[in-house]
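Structural features, examined
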Amino acid sequence: MQVGNLSKIIASSVLVAFLTACSSTGETTDASASTQASQVAAEAAALAEAQALKDAQAQAAAQAQVEAQAQAQAQADANAAQQAANDAAAQVLAQQQQAQDAAKALAHVIYFDFDQSTIKAEFRTALNGHAAYLSQNPSARIVLEGHADERGTREYNIALGERRGNAVSRYLVVQGVSVDAIEVVSFGEERPVNAGHDSASLAENRRVEVRYINY
């Protein structure tokens, strides 16, 4: 109930009391009429105060309910946002793991013809896969280890292994890989994977190994 309405109630009550007092036929004195009017006014004021308190409590309860609903909605929005962030992070991790698995599944050994450092067409698909992974994952690093078979001098084979490593490096850079992601080393003939001396055994030693420092 509004304050204006409360004032009207009080005024009406006082007026009624006053009129009642004035219309008395002598059974009540002016003093008793005034006392009666004061009592009615006090009762009306108490009633108005009680009504005002009730209205204030109702308004406070309604405001509390609105605030509670707003807090609940805010919490629901926050939970939804967190869930969306978690889902996005999980998706990114899954994609990264899938890319790592794909990179690990690629051929990591590139073979060369005798005394050659030209990349064969059959290895370009694998190198393209490594290039794609390295380009999409700037933190990944690789070492290209160049090797040669036993024919030729030690110095010549060290240089040949380096040329082979550099050939693979240039190919990857052309495909978009950062130079900083690649390191080239040469072991020449010092680390054969096959100790045989026949053509097939020597062919296994003419290679570049792609080694990831980190995925």
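Refer to the preceding data block for the structure.
This structure is a prediction, so every number in the text was calculated from the model and none was measured.

As a further point, take the sheet that holds strand 4 (residues 207-214). Sheet architecture is open: four strands sit in the order 1-4-2-3, paired in mixed fashion. Where the open sheet ends on each side, the last strands, each with one partner, are strand 1 (109-111) and strand 3 (182-188). Neighbouring strand axes in the sheet, compared pairwise and without regard to direction, differ in orientation by 20 degrees on average. In this sheet, strand 4 lies alongside strand 2 (residues 141-147) in antiparallel orientation, the contact comprising six bridges. Bridged to Val143 within strand 4 is Arg211. Contacts from helix 3 (residues 124-136) reach strand 1, strand 2 and strand 4 within the one sheet, and its direction differs from that of strand 4 by about 20 degrees.

Summed over the entire model, instances satisfying the criterion amount to two aromatic pairs. When the ring of Tyr111 is compared with that of Phe123, the centres are 6.1 Å apart and the planes differ by 50 degrees; the resulting orientation is tilted. Note that Tyr111 is positioned in strand 1 and Phe123 in the loop between strand 1 and helix 3, a separation of 12 residues in sequence. Residue class for Tyr111 comes out partly exposed when judged on its relative accessible area of 30%. Judged by centre distance (5.9 Å) and plane angle (75 degrees), the rings of Tyr133 and Tyr212 are edge-to-face. With a gap of 79 residues between them, Tyr133 in helix 3 and Tyr212 in strand 4 connect regions that are remote in the sequence.

What counts as what
- Residues numbered from 1 in each chain as written.
- Predicted model: local features only at pLDDT ≥ 70, side-chain atom pairs only at ≥ 80, totals over all residues.
- Heavy atoms only, no water.
- Pairing = 2+ DSSP bridges.
- Helix = DSSP H or I, 4+ residues; strand = E, 2+ residues; numbered from the N terminus.
- Axes fitted to C-alpha atoms, helices over the stretch in contact; angles between N-to-C directions.
- Contact = heavy atoms within 4.5 Å.
- Phe/Tyr/Trp six-rings, centres within 6.5 Å; stacked < 30°, edge-to-face > 60°.
- Buried < 20%, exposed > 50% of the residue type's maximum accessible area, 1.4 Å probe, protein only.

Interpretation note: all reported values are geometric properties and have no functional meaning in isolation.
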